Amino acid sequence: MFGLSKSASRPPEDTDAKRVQFNSRLLPYLFLAPQMLIIFVFFYWPSVQAIHSSFYLEDPFGFGSTFVGLANYTDVLKSGEYLGIARFTAVFTALVTFFSLAIGLLLAVKADGVIRGNATYKTLLIWVYAIAPPVAGLMGMMMFDQHIGPLVKFAAFFGWEIKVGLNYNDTAFAMIVVSVWKQIPYNFIFFLSGLQGIPVSVREAALMDCRSGFRRFWTVILPLLAPTAFFLLIINTTYALFDTFGVIDVMVKDKAANNPITLVYKVYMDGFRGNDLGGSSAQSVILMIIVFVLTIFQFRFIERRVHYN
C-alpha cells in the first residue's frame, strides 16, 4: 500500500517537464533579428519614405524636390477623379469580399457533406488558388474576350453584349468575377477545415434540436465558424484592396482610359507612369490611413460578436 502510494505520488521525470532555456538574454533577440530586419526594410522604411515624399514636389528625374506641405493631399482630396476611384474601390472591395466568402462557405458546406469522391471534389476546388493573380487576369481576359470568350457568348444568349475594356460597367463586372474566382479556393480551405473541426457530438445534438437544415446551420454551425469567418473577412478585405493589383493590371492595361481602377492601381499609375511621386506618395498615405481605420473598425465592432470558445 505504502509502496504503491509512494510511487503514484512520484513527480514526473525531467524529460516530461523540459523547458526551452537560452544561455544568453541576447540569443532570443538574435533569432528575431532577421525577421525584424525584413519588416523594417520592406515595410517601415518605405512607409516613412512615402510619408516624407508626400510633403514634397519631386522632380521625376531625381534632380531635386520642393517642399509643398499639404498641397499634395489637398490636390488628391479635391480631385473628382480620385473620389470616383475611391467610390469604385469601396464597391469593388465589398462585392469581392462578400461573394468570395459566401461562395467559399457554400462550397465548403457542400464538400463537407460529400462522402464518395470527396478528395477529387476538394482538389478541383483548391487548385485555382495556385494560379498567380496576373495569370488569373489573363485567363479572365480570355473568358471575356469578345471573339472567343465563352462567357461573352453565354451572355449574348440573354441579349447582353459584354465589351471588356470598352464599357465601364462590363469591365468592372469582369474584374469582380475574376477576383472572386481567384479568392474562392482560399476561403474554401479555411471554411472546410473549420467545419471538419466541429465535434460530431455537437452536430448530432444540433440534428436532434433543429430539424431544419438552414436553421441548424444558422444557429449552431455558423457561430462555431465565427473565428474563421472573422479571420477571412480581414484577409479578403486586404486581398480586394491590394492583391487584386495583378488582375486589374492585366485586364485594363493598354485599354481605354475610362476603365475602372482601384486606389492601389491609381498610386501605381500616377507614380510609375505619370512620374508624380509626391502625389502618389500622398495617395499611398491616405490608403494606409483608410486600411488602418478599417482594421480598427473590424476589431472594435465586428470582433465583439465573435466567440472563440
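(A) Here's a closer look at the overall build of the protein. Assigned secondary structure in the protein consists of 14 helices and two strands. Considering the protein as a whole, with its 309 residues, one finds that 35% of them fall into the buried category. Summarising the internal contacts of the protein: among those between residues at least 6 apart in sequence, 67% fall at separations of at least 24.

(B) Highlighting the packing of aromatic side chains. The tally for this structure, following the rule as stated, stands at 17 aromatic pairs. On the basis of an interplanar angle of 40° and a centroid distance of 5.2 Å, the ring pair of Phe 245 and Tyr 265 is categorised as tilted. Pair noted here: Phe 245 is in helix α12 (residues 245-252) and Tyr 265 is in helix α13 (residues 263-273), with a separation of 20 residues, a long-range link. The partly exposed category is assigned to Phe 245, whose relative accessible area is 24%. Three or more aromatic residues joined by ring pairs form one cluster here, namely Phe 245, Tyr 265, Tyr 268 and Phe 272.

(C) Seen up close, the pattern of salt bridges. Scanning all chains against the criterion turns up three salt bridges. Note that Lys 266 and Glu 81 form a salt bridge whose closest N and O atoms lie 3.5 Å from each other. Of this pair, Lys 266 sits in helix α13 while Glu 81 sits in helix α4 (residues 80-112), placing them 185 residues apart in sequence. Take Glu 81: its relative accessible area is 52%, and that puts it in the exposed class. The shortest N-O distance in the salt bridge between Lys 266 and Asp 270 comes to 3.3 Å. In this pair, Lys 266 and Asp 270 are both assigned in helix α13, four residues apart and thus about one turn of the helix distant. Judged on exposure class, the residue Lys 266 and its partner Asp 270 are both buried.

(D) Spatial organisation of the confidence of the model for the protein. For the protein, mean pLDDT is 81; residues scoring 70 or higher make up 85% of the total. For the protein, the element scoring lowest by mean pLDDT is helix α1 (residues 2-8), at 46; α4 scores highest, at 91. Under a pLDDT of 50 for its full length, residues 1-9 has, in the predicted model, zero contacts with residues more than four places off or in other chains. Note that residues 13-17 has pLDDT below 50 and, in this model, zero contacts with residues that lie over four places away or in other chains.

(E) Fine view of the nonpolar core. Of all hydrophobic cores here, the largest spans 54 residues; its most connected members are Phe 92, Val 96, Phe 144, Val 164, Met 175, Phe 191 and Met 251. Considering every element that reaches this core, the biggest residue donor is helix α8 (residues 168-196), with 12 residues.

(F) Structural detail: the side chain of Asp 270. The buried category is assigned to Asp 270, whose relative accessible area is 17%. Every residue in contact with Asp 270, bar those within four places of it in the chain, is listed here: Asn 275, Asp 276, Ser 280 and Gln 283.

(G) Quick peek at the packing of helix α11 (residues 226-243) against helix α14 (residues 277-302). Running from N to C, α11 and α14 cross one another at 165°; their axes reach a closest spacing of 11 Å. With respect to α14, the element α11 is oriented roughly antiparallel. Crossing hand, α11 versus α14: right-handed. Side by side, α11 and α14 meet where Phe 230, Leu 233, Ile 234, Thr 237, Leu 241 and Phe 242 of the first sit next to Leu 287, Val 291, Leu 294, Gln 298, Phe 299 and Ile 302 of the second.

(H) Region of interest: a nonpolar patch on the surface. A grouping of Leu 37, Ile 38, Phe 40, Val 41, Phe 42, Phe 43, Tyr 44, Trp 45 and Val 48 is seen on the molecular surface, where their side chains present a nonpolar patch of about 980 Å² in accessible area. Looking at where Val 41 falls in the secondary structure, it is placed in helix α2 (residues 27-53).

(I) Representation of the environment of Asp 170 in the model. Position of Asp 170 among the secondary structure elements: in helix α8. Contacts of Asp 170, omitting those with residues within four sequence positions, involve Trp 160, Glu 161, Ile 162, Lys 163 and Val 164. Among the polar contacts made by the side chain of Asp 170, one reaches the side chain of Trp 160 at a distance of 3.2 Å.

(J) Structural view of α12. With six of its eight residues buried, α12 lies for the most part within the structure. Within α12, burial applies to Gly 246, Val 247, Ile 248, Asp 249, Met 251 and Val 252.

Rules behind the numbers
Residues numbered from 1 in each chain as written. Predicted model: local features only at pLDDT ≥ 70, side-chain atom pairs only at ≥ 80, totals over all residues. Heavy atoms only, no water. Helix = DSSP H or I, 4+ residues; strand = E, 2+ residues; numbered from the N terminus. Buried < 20%, exposed > 50% of the residue type's maximum accessible area, 1.4 Å probe, protein only. Contact = heavy atoms within 4.5 Å. Phe/Tyr/Trp six-rings, centres within 6.5 Å; stacked < 30°, edge-to-face > 60°. Salt bridge = Lys/Arg side-chain N within 4 Å of Asp/Glu carboxyl O. pLDDT = per-residue confidence, 0-100. Core = buried A, V, L, I, M, F, W, Y, C linked by side-chain atoms within 4.5 Å. Axes fitted to C-alpha atoms, helices over the stretch in contact; angles between N-to-C directions. Parallel < 35°, antiparallel > 145°, perpendicular 65-115°, else oblique. Left-handed = near helix turned anticlockwise from the far one by under 90°. Patch = residues over 30% accessible without salt bridge, like charges linked within 9 Å, V, L, I, M, F, W, Y side chains within 5 Å. Areas by Shrake-Rupley, 256 points an atom, 1.4 Å probe, with all protein chains shown as cover. Polar contact = N/O pair within 3.5 Å; in protein donor to acceptor, adjacent residues only side chain to side chain.

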